[in-house]
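Here is how the chains run, residue by residue.
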Amino acid sequence: MNAQSNKSGHLMILSRRNHLKTLLAAAGGASLSGLRPLETLALTTSALTTSVPPPDHERRIQWWREAKFGMFIHWGLYSILGREAWAMGDEDIPLEEYEKLGRQFQPRPNVARTWARLARQSGMRYMVMTTKHHEGFCLFNSKLTSYCAPQLGAGRDLVQEYVEAARAEHLRVGFYYSLMDWHHPDWRLAKTDLAARKRFVDYTHGQLRELMTNYGKIDILWYDMPVPLDAQGWQSAEMNDMVLRLQPDILVNNRNQLPGDFSTPEQSTAAAKNDWESCMTINDSWAYLAGDNNWKSAQQLVQNLVECARDGGNYLLDIGPRADGSVPEPAISRLQAMGGWLRRNGEAVYGTQRCRFPHGNIGVYTRRKNTLYTIVYFWPGSSMTVGGVRCKVKSARFLASGHPVQFEQRGSQLIFGPLPEKPPDEPVTVIAAECDAEPVQDALSSKADPEA
Ligand code: GLC
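The notes below deal with the structure included here.

Conventions used here
Residues numbered from 1 in each chain as written. Predicted model: local features only at pLDDT ≥ 70, side-chain atom pairs only at ≥ 80, totals over all residues. Axes fitted to C-alpha atoms, helices over the stretch in contact; angles between N-to-C directions. Helix = DSSP H or I, 4+ residues; strand = E, 2+ residues; numbered from the N terminus. Parallel < 35°, antiparallel > 145°, perpendicular 65-115°, else oblique. Left-handed = near helix turned anticlockwise from the far one by under 90°. Contact = placed C-beta atoms within 7 Å. Nonpolar A, V, L, I, M, F, W, Y, C, P; charged D, E, K, R; others polar. Core = buried A, V, L, I, M, F, W, Y, C linked by C-beta atoms within 7 Å. Buried ≥ 20, exposed ≤ 12 C-beta atoms within 10 Å, placed from the backbone. Domains from an automatic or database assignment. Expected span 1.5 Å × (residues − 1). Arc of directions from axis to C-beta. Pairing = 2+ DSSP bridges.

### What to know about the packing of helix α11 (residues 194-213) against helix α13 (residues 236-246)
Running from N to C, α11 and α13 point in directions that differ by 15 degrees, and their axes come no closer than 9 Å. With respect to α13, the element α11 is oriented roughly parallel. At the point where α11 passes α13, the crossing takes the right-handed sense. Contacts from His205, Leu208, Arg209, Met212 and Thr213 in α11 reach Met239, Met242, Val243 and Leu246 in α13. Tallied by class, residues from the contact of α11 with α13 come to 6 nonpolar, 2 polar and 1 charged.

### A few points about the nonpolar core
The biggest cluster of nonpolar side chains holds 115 residues, and the ones touching the most others in it are Met71, Met127, Val128, Leu221, Leu305 and Ile375. Structurally, this core is a two-domain feature, drawing no fewer than three residues from each of domain 1 (3-348) and domain 2 (363-448). Setting aside its immediate chain neighbours within four residues, Leu221 contacts Phe175, Tyr177, Val243, Ile250 and Val252.

### Some words on α11
What sets the pattern is the α-helix's 3.6 residues per turn: residues three or four places apart point alike. For α11, with 20 residues, the first-to-last C-alpha span of 28 Å sits near the 28 Å given by 1.5 Å per residue. On its buried side, α11 packs onto β2 (126-132), β3 (172-178), α10 (185-189), α12 (231-234) and α13.

### Things to note about helix α15 (residues 329-345)
When the terminal C-alpha atoms of α15 are compared, their 24 Å separation across 17 residues agrees well with the 24 Å that a helix rising 1.5 Å per residue should span. All of the buried residues in α15 are Ala331, Arg334, Leu335, Met338, Trp341, Leu342 and Asn345. Projection of α15 onto a plane perpendicular to its axis shows the buried side chains occupying an angular sector of 120 degrees, all on one side. Residues Glu329, Ser333 and Arg343 are exposed on α15 and point more than 90 degrees away from its buried face. Structurally, α15 contributes buried residues whose contacts are with α8 (112-121), α14 (298-310), β7 (313-319) and β14 (429-435).

### Side note on the pairing of β14
For a regular strand, side chains alternate in direction, first toward one face of the sheet and then toward the other. Across the 7 residues of β14, 6 count as buried, placing the element largely inside the fold. Pairing geometry for strand β9 (residues 371-376) and β14, over 6 bridges, is antiparallel. Directly across from Leu372, in β14, lies its bridge partner Ala433. Bridge analysis of strand β11 (residues 393-398) against β14 gives 5 bridges, and the strand direction is antiparallel. If you follow Ala396 over to β14, its bridge partner there is Ala433.

### Side note on the environment of Gln413
Structurally, the position occupied by Gln413 is in strand β13 (residues 413-416). Separated by 23 residues in sequence, Gln413 and Arg390 have C-alpha atoms that sit 8.4 Å apart. Ignoring sequence-local partners within four residues, the contact set of Gln413 consists of Thr385 and Gly387.

### A closer look at the sheet that holds β14
The 4 strands lie next to each other as β8-β9-β14-β11, forming an open sheet whose pairing is antiparallel. For this open sheet the edge positions go to β8 (363-368) and β11, each flanked by a neighbour on one side alone. Neighbour to neighbour, the strand axes of the sheet diverge by 20 degrees on average, direction disregarded. In terms of strand pairing, β8 meets β9 through 6 bridges, oriented antiparallel. Across the sheet, the residue bridging to Thr366 is Tyr373, located in β9.

### Topic: the sheet that holds strand β6 (residues 276-281)
Spatial ordering of the open sheet is given by β5-β4-β3-β2-β1-β7-β6, a layout of 7 strands whose pairing is parallel. If you trace the sheet from one side to the other, it starts and ends with β5 (251-252) and β6, each paired once. Here β2 runs beside β3; their pairing, made up of 6 bridges, is parallel. Paired with Tyr126 across the bridge in β3 is Arg172.

Set out below in structure tokens:
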């Protein structure tokens, strides 16, 4: 993500004049008089509507709010090098040299099926795959470039295989598409040369049209890296209009410089006010990086997922398959551990709603209607106290086993116990408590929270 969009991904409502200034500054100082009439018109229509999601947002976003957990896949020519997706840019690899990888890229047939199966077993409900990353190589067949898998080494449409694989496992299908393109000659000029910009923006819209037309129903379009243009330069409003015309149920993210249907905090579970999705690597790399053994533990991954759920967000967890499509074993075992935990405890994650119960040191809370889920990170042994509970608890149980949990309420304290000495589940244990009203925490520590 670049510095041009703000952290939460939501543009503030600005006066039109200020907005124009911001747009022009982001466009690298081009003057208004340098814009063609069409661009000026686009500016007046799109600039004023940038603080709201695209039309029909509430209807389109319903399944996604339920789903909570998705698989991100970074896969391309860089996977051959095994030095992350940025290798071409970071190492300044000459174009002619890098292009040769296009002939070498020959993944195993239908390897996406193994990812889709893994995603399903891991409790994920959707997938998002790089159809084109910053390197500019397309995994799909395009009439607009021959720099694509079907016309080079692979000889197959890898996006088609991916779409079929996801559907076979009843997973929703998302396309990642990088706006930045290190391979296209006009991308380099797009900031300052209007003719090049027009050609490149036409190319981008044309490819998005192909993606939105040739693969049936697509559930998510995940833009990335809007460098070096702003919303007006990319014609992002027109882009989203076209996408939604072709795919009336699709969701778009906020990385084409418009708010989209959800924002995209990266490598963090920091909540946003509107719909949001945390995208995160499972080690420290988006794409395959041979030496990166800094794998997050299954416990850390589950904690990240529940922290997203607590704050009304989704978790998009990335894998970087090798060039042949195989997934490194440490990623597989961690995802399977998450899947096992979710099979026992999914009720505390899927379809949960924002939980106004922020304070706890030994774990966190999620909520579905009047049920409060206490997700215990650090098992306390004999008993455990939840503070600030003003509603009446009717019953409590371990979510994994269904066994009842004894409890008492003393004023605003809910005390679970006696509890077994050892945690009954791993990597974290969930206690579900049925309350007579929506549980909202009102503890002493809540008084320190300026938002409370
Ligand atoms: C960042 C990275 C990019 C990756 C993306 C995923 O923008 O630069 O490589 O695809 O994050 O969110």
